[in-house]
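Given next are the chains, with one letter for each unit.
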Amino acid sequence: MTSADDFIIQLLSDKGLVSADVISGARSQLEGEGVGVDVIDSRIIDLLVEKKYTRFEDIVHALSEEFGIPEIDLNDLRIEDDVKKLLPKEEALKYGVFPISVHEGQLEIAISDPLNVNASDDISHLVGMPLDMRLASPDAIKSPLTMECLRALAILQTAALQ
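This one's a predicted model, so the numbers in the text were calculated from it and none came from an experiment. (Residues numbered from 1 in each chain as written. Predicted model: local features only at pLDDT ≥ 70, side-chain atom pairs only at ≥ 80, totals over all residues. Heavy atoms only, no water.)

1. What to know about the sheet that holds strand β1 (residues 97-103)
Phase 1 of the analysis: Spatial strand order, β1-β2-β3: three strands in an open sheet with mixed pairing. For this open sheet the edge positions go to β1 and β3 (131-135), each flanked by a neighbour on one side alone. Ignoring strand direction, the axes of neighbouring strands in this sheet form an average angle of 25 degrees.
Phase 2 of the analysis: As defined by bridge partners, β1 adjoins strand β2 (residues 106-111) across six bridges and the pair is classed as antiparallel. Each residue of the ladder has a partner; that of H103, found in β2, is Q106. (Pairing = 2+ DSSP bridges. Helix = DSSP H or I, 4+ residues; strand = E, 2+ residues; numbered from the N terminus. Axes fitted to C-alpha atoms, helices over the stretch in contact; angles between N-to-C directions.)

If you want it as C-alpha cells, here you go:
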C-alpha cells in the first residue's frame, strides 16, 4: 500500500485498529506460505483488509490524523481538462495519485501514500508547481484513473472505426 508498510502496520496497532496478536498471526500465516520479507508487510495489510480486520478507508483515516493531511472522496468529482493535462494518466497511475484542481498556484492531488516523498517531489517537478495533498485509498484513486483511461480508449476506438 505505501512505501513504508511497516509504519502502517505499527500505526494500525498503536491506534487500536488491529490488535498485535492479529498482526502477528497474519505475519505467521504469510511466512508459512513462503511470502518474501521484501513484500510481507504489504501483504499483511492486504490480508488484514481481505479478512475484514480493517478497511483501506480506516488506514486512510489513520494516516490523515497522523500527518494532518485531509481526506477526500473522489466520487463524482468533475476534473477540468486543463488539470488532467498537467499530469499524464501514465504518471498518475505510476505514482498512485489523482489530480483534482489547481488553486492559488498549487496542484491539488489525491494520494494514497503520504510517505512516498520521492513521488511527491517527482510530481511537483513534473508539473512545475507545489502540491496540495489529500488522502484517498488506492482503490479510490485507481477507479477514476481507470475510468478515464477506458473513456479515452473508447474515443480512440470510435474514431478508428469512422
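2. Re the side chain of T54
Phase 1 of the analysis: Following the sequence through the fold, T54 ends up in the loop between α3 (40-50) and α4 (56-67).
Phase 2 of the analysis: T54 has contacts with L12, V18, L48, V49 and I59, leaving out every residue within four places of it along the chain. (Contact = heavy atoms within 4.5 Å.)

3. Description of the pattern of salt bridges
Phase 1 of the analysis: With the rule as written, the count across this model stands at five salt bridges.
Phase 2 of the analysis: Across the pair D132 and R134 runs a salt bridge whose closest N-O atoms are separated by 2.9 Å.
Phase 3 of the analysis: Owing to a relative accessible area of 26%, D132 belongs among the partly exposed residues under this scheme.
Phase 4 of the analysis: Salt bridges sharing partners connect three or more residues here, namely E108, D132 and R134. (Salt bridge = Lys/Arg side-chain N within 4 Å of Asp/Glu carboxyl O. Buried < 20%, exposed > 50% of the residue type's maximum accessible area, 1.4 Å probe, protein only.)

4. Considering the packing of aromatic side chains
Phase 1 of the analysis: Following the criterion strictly, the structure yields one aromatic pair and no others.
Phase 2 of the analysis: Summarising the aromatic geometry, the rings of F7 and F67 are spaced 5.8 Å apart at their centres and angled 40 degrees between planes, so their arrangement reads as tilted. Taken together, the residues F7 in helix α1 (residues 5-14) and F67 in helix α4 connect sequence positions 60 residues apart.
Phase 3 of the analysis: The class for F7 is partly exposed, based on a relative accessible area of 29%.
Phase 4 of the analysis: What makes F67 partly exposed here is its relative accessible area of 37%. (Phe/Tyr/Trp six-rings, centres within 6.5 Å; stacked < 30°, edge-to-face > 60°.)

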